[in-house]
Amino acid sequence: MNTTQLTDVLRPARHLFLDFDGPVCSVFAGMPAPDVARGLYESLRPALAPGDLEGWATESDPLALLRSVADRRPDVAAQADETLARLEVEAVALAKQTDGGEETIQACAESGRSVWIISNNSGDAIRAYLADRGLDGAVTGVFGRVPGDPASMKPNPRLLLDALSAASATPAECIFVGDAARDVQAGIAADVATIGYANKPGKAAVLAAAGAVAVTDSMGVIADALR
Ligand SMILES: [Mg+2]
């Protein structure tokens, strides 16, 4: 997708909703996701029964592990969420920023749009990252997963609906940028159009099939379109 088409999609937007892991940075670039998942698993082991453990020891996606724990052992969901949030705060200190992600945030400020982070990651970790990069003043609101409530994670539209409410905005005044099908699904459920950021081979087709209104492989193109 070229800049002109993205400009058409972005023109009416007064608020940019941005997913965090992908569009802004690679959260687990320095502390690999499988290590984080393993750390979470080890922390939960004392609270788990043998029947719970199947599949969890080898889960490499910490957020998928959190979701599974919340589904099968809701009594330890809050503990798992808190532990993972602590690990994510450590991870973001080593995160790799996405080319064009920071420019996108700055371009919103320059064009009079507000930026809201909508993410399945922990709000504490997101705020720590933004403060570390001097971006906290450029972001109006952070909506990480609701602490203790992993069911709030996308594709649930809850976080987008909370942001819409906080922004006192209609869905038509907002656009969401995300790099996963669950982002597009959450956008559709909240009636917010989603631009797909296809940062890996094969993602463009997945995001388009999910219903993204536009797909790009470059955050820099989104920043240019906003300017
Ligand atoms: Mg993402």
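Structure shown above.
My aim in this report is to walk through the structure given alongside it, one point at a time. (Residues numbered from 1 in each chain as written. Predicted model: local features only at pLDDT ≥ 70, side-chain atom pairs only at ≥ 80, totals over all residues. Heavy atoms only, no water.)

Cis geometry marks the peptide bond from K154 to P155, where omega comes out at 20°. Mapping P155 onto the fold places it in the loop between β5 (141-143) and α7 (158-167). Residues other than glycine seldom take positive phi values, yet S168 does so here, at roughly 50°. Mapped onto the secondary structure, S168 falls in the loop between α7 and β6 (174-178). At D191, a residue that is not glycine, the phi angle is positive and equals roughly 70°. One can find D191 in the loop between α8 (181-190) and β7 (193-197). Taking relative accessible area as the criterion, D191 reaches 59% and is therefore assigned exposed. (Helix = DSSP H or I, 4+ residues; strand = E, 2+ residues; numbered from the N terminus. Buried < 20%, exposed > 50% of the residue type's maximum accessible area, 1.4 Å probe, protein only.)

Once that is clear, we can look at the packing of α7 against α8. In the contact formed by α7 and α8, the axes pass within 8 Å of each other and the chain directions differ by 50°. Judged on the interaxial angle alone, α8 and α7 are oblique. As α7 runs across α8, the sense of the crossing is right-handed. Between α7 and α8, the residues in contact are L160, L161 and L164 and A186, G187 and A190, respectively. Considering only residue class, the contact of α7 with α8 consists of five nonpolar, one polar and no charged. (Axes fitted to C-alpha atoms, helices over the stretch in contact; angles between N-to-C directions. Parallel < 35°, antiparallel > 145°, perpendicular 65-115°, else oblique. Left-handed = near helix turned anticlockwise from the far one by under 90°. Contact = heavy atoms within 4.5 Å. Nonpolar A, V, L, I, M, F, W, Y, C, P; charged D, E, K, R; others polar.)

Attention now moves to helix α6 (residues 123-132). For α6, the complete set of buried residues consists of G123, A125, I126, Y129 and L130. In an axial view of α6, the angular spread of the buried residues amounts to 160°, which keeps them on one side of the axis. Looking at the buried positions of α6, the neighbouring elements they touch are β2 (25-26), α4 (77-92), β3 (96-97), β4 (114-118) and β5. Two to three positions downstream of the cap, the backbone nitrogen of D124 sits 3.2 Å from a side-chain oxygen, assigning the N-cap of α6 to S122. A positive backbone phi angle near 70° is found at G134, which sits one or two residues after α6. (Arc of directions from axis to C-beta. Polar contact = N/O pair within 3.5 Å; in protein donor to acceptor, adjacent residues only side chain to side chain.)

Our next topic: α7. All of the buried residues along α7 are L159, L160, A163, L164 and A167. All buried residues of α7 project into a common sector of 140° when viewed along the axis, lining one side. Against β1 (15-18), β4, β5, β6 and α8 lie the buried residues of α7. Following α7 by one or two positions, S168 adopts a phi angle in the positive range, close to 50°.

Geometry only, nothing functional implied.
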